[in-house]
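# Coordinate inspection notes
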Amino acid sequence: MPSLRETLDADWARLARASGRAQAGRRWVHHFSPRFAPVSLIRHAHALERAGWRRLAKLVQLLNFVVFGIEVPATLEIGPGLIIAHTQGTVLGGASIGRNVTIFHQVTLGARTADFSYTLALRPVVEDEVTLTAGAKVLGPVTLGRGCVVGANAVVLADVPAGALAVGVPARIVANHGSDDALEP
């Protein structure tokens, strides 16, 4: 498991590349960037949780919610390279999120019903290099396969294979990046 510093460095490096910035090292001032500050708070809350400082982790989690409008439990395992383009209205209540995931605003990951005990078996798993576009909703014990894309305002209730594009309500697979063939809706 990478350290907090290594994870933040990976997050910053991926954001810098995606923004077309020169690959400069991360400095303390970058924590005030509106694209990086929420990710930094997510990482710090998780580090505090892992260190046994649960109340302080909850406070950092609450700060992220109040300031940036993003709800992320401090217990959520998220791989390095996270980009959250816009935070408002985003709820990340998944079982786990992989490496190099991009999340846009108003995305929801969560259980299909109220799950206040945060049962991981009822929540989505997001694999590496997934993109969740604006307004995507992923509900229940589904897996988003490596490199898939969930389209704007799609409601995902079933697994999405690796490299696929899922769109609609309920979501259906319309293309697979792994092949040039469009699948029947």
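Residues numbered from 1 in each chain as written. Predicted model: local features only at pLDDT ≥ 70, side-chain atom pairs only at ≥ 80, totals over all residues. Heavy atoms only, no water.

### Looking at the pairing of strand β14 (residues 164–167)
- Of the two faces of β14, the one holding Ala164 and Ala166 is buried and the one holding Leu165 and Val167 is not buried anywhere.
- Bridging between strand β12 (residues 149–150) and β14 involves two bridges; their strand directions are parallel. Bridged to Val150 within β14 is Ala166.
- Relative to strand β15 (residues 172–176), β14 is paired through four bridges, and the arrangement is antiparallel. Bridged to Ala166 within β15 is Ile173.
- Between the antiparallel neighbours β14 and β15 lie four residues, among them Gly168 with a positive phi of about 95°. (Buried < 20%, exposed > 50% of the residue type's maximum accessible area, 1.4 Å probe, protein only. Helix = DSSP H or I, 4+ residues; strand = E, 2+ residues; numbered from the N terminus. Pairing = 2+ DSSP bridges.)

### As for the packing of helix α1 (residues 4–18) against helix α2 (residues 37–50)
- Interhelical geometry of α1 versus α2 gives an angle of 160° and a closest axis separation of 11 Å. Comparing their axes, α2 and α1 come out roughly antiparallel. Between α1 and α2 the crossing geometry is right-handed. Counted together, Leu4, Thr7, Leu8 and Asp11 of α1 and Val39, Ser40, Arg43, His44 and Ala47 of α2 form the full contact between these two elements. (Axes fitted to C-alpha atoms, helices over the stretch in contact; angles between N-to-C directions. Parallel < 35°, antiparallel > 145°, perpendicular 65-115°, else oblique. Left-handed = near helix turned anticlockwise from the far one by under 90°. Contact = heavy atoms within 4.5 Å.)

### Things to note about the layout of surface pockets
- Its boundaries defined by the atoms lining it, the largest pocket holds a volume of some 270 Å³.
- In this structure, the largest pocket is lined by 16 residues; those nearest its centre are Met1, Pro2, Thr7, His46 and Arg50.
- The set of elements that each furnish at least two residues to the lining of the largest pocket consists of α1, α2 and β2 (77–78).
- The dominant element in the lining of the largest pocket, judged by the number of residues it contributes, is α2, at five residues.
- Reported here for the second largest pocket is a volume of approximately 220 Å³.
- Forming the walls of the second largest pocket are Glu49, Lys58, Gln61, Glu71, Val72, Pro73, Ala74, Thr75, Val91, Leu92, Gly93 and Tyr118. (1 Å grid on protein atoms, 1.4 Å probe; cavity = no way out; pocket = protein on both sides within 12 Å on 5 of 7 lines; lining within 4 Å. Points joined across faces, edges and corners; volume = space filled by probe spheres on them.)

Everything listed here is a matter of geometry and, on its own, says nothing about what the molecule does.
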